[in-house]
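Results of the structural survey
Spelled out from the first residue to the last, the chains are:
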Amino acid sequence: MINITIYSNGFLIEGHANSAKYGNDLVCASISSISQGIINCFPNKNIKTLDIKNGYINFDLYKVSKKDKIILETFYVLIDSIYKDHQKYISLVIRKENK
């Protein structure tokens, strides 16, 4: 199962969906692609934490501007759309506070 926690200034993703055999897991691929795409939207100077390993992404920002907030809200909408169709493989928690 993929455990996703979304904060006001970033997100934490842990685990694997295991919805198909390794290399064919579209749930994992979708979450990974969305996460990487969103991370690439931010300038490095504002990234407080960026730790990416197999089955793990820890990301947060120092400050969240109005533009950053929109990007993070887009992340939530994209993740939520996958979550709604694949709740068996994803745990999603939304936290209002910063990490």
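Cut-off values and rules
- Residues numbered from 1 in each chain as written.
- Predicted model: local features only at pLDDT ≥ 70, side-chain atom pairs only at ≥ 80, totals over all residues.
- Heavy atoms only, no water.
- Salt bridge = Lys/Arg side-chain N within 4 Å of Asp/Glu carboxyl O.
- Buried < 20%, exposed > 50% of the residue type's maximum accessible area, 1.4 Å probe, protein only.
- Helix = DSSP H or I, 4+ residues; strand = E, 2+ residues; numbered from the N terminus.
- Pairing = 2+ DSSP bridges.
- Axes fitted to C-alpha atoms, helices over the stretch in contact; angles between N-to-C directions.
- Phe/Tyr/Trp six-rings, centres within 6.5 Å; stacked < 30°, edge-to-face > 60°.

So, on to the pattern of salt bridges. Here the structure, examined in full by the defined rule, presents two salt bridges. The partner of Asp51 in a salt bridge is Lys53, and the shortest N-O contact between them spans 3.4 Å. The exposure class assigned to Asp51 is partly exposed, which follows from its relative accessible area of 25%. According to the relative accessible area criterion, Lys53 is exposed, its value standing at 52%. Between Lys84 and Asp80 there is a salt bridge, with its nearest N and O atoms 3.2 Å apart. Taken together, the residues span about one helical turn, with Lys84 and Asp80 both in helix 2 (residues 66-85) at a distance of four residues.

What follows concerns the pairing of strand 1 (residues 2-7). The buried fraction of strand 1 amounts to five of the six residues, a majority that puts the element mostly inside the structure. As paired strands, strand 1 and strand 5 (residues 90-94) are joined by five bridges and run parallel to one another. Residue pairing for strand 5: Ile4 is matched across the bridge by Leu92. In the sheet, strand 1 pairs with strand 2 (residues 10-14) via five bridges, with the strands oriented antiparallel. Looking at strand 2, one finds that Thr5 is bridged to Leu12.

This part takes up the pairing of strand 2. For strand 2, the buried fraction is high: four of the five residues fall into the buried class. Between the antiparallel neighbours strand 1 and strand 2 lie two residues.

A word on the sheet that holds strand 4 (residues 56-61). Within the open sheet, the five strands sit side by side as 3-4-2-1-5. Their pairing is mixed. The open sheet terminates on both sides in strands that have one partner only, identified here as strand 3 (47-53) and strand 5. Looking at each pair of strands side by side, their axes are set apart by 10° on average, direction ignored. Judged from the five bridges that link them, strand 2 and strand 4 form a sheet pairing that is antiparallel. Bridged to Leu12 within strand 4 is Asn58.

Turning next to the packing of aromatic side chains. Following the criterion strictly, the structure yields three aromatic pairs and no others. Seen in terms of ring centroids, Phe11 and Phe75 are 4.0 Å apart; in terms of plane orientation they differ by 15°. Their pairing is stacked. Of this pair, Phe11 sits in strand 2 while Phe75 sits in helix 2, and the two are 64 residues apart along the sequence. In this structure Phe75 comes out as buried when scored by relative accessible area, which is 0%. Plain terms: the ring middles of Phe42 and Phe59 are 5.5 Å apart, the flat faces sit at 40° to each other, and that makes the pair tilted. Of the two residues, Phe42 is situated in the loop between helix 1 (26-39) and strand 3 and Phe59 in strand 4; the sequence distance between them amounts to 17 residues. By relative accessible area, which is 5% here, Phe42 ends up buried.

Shape is all these values report; function is a separate question.
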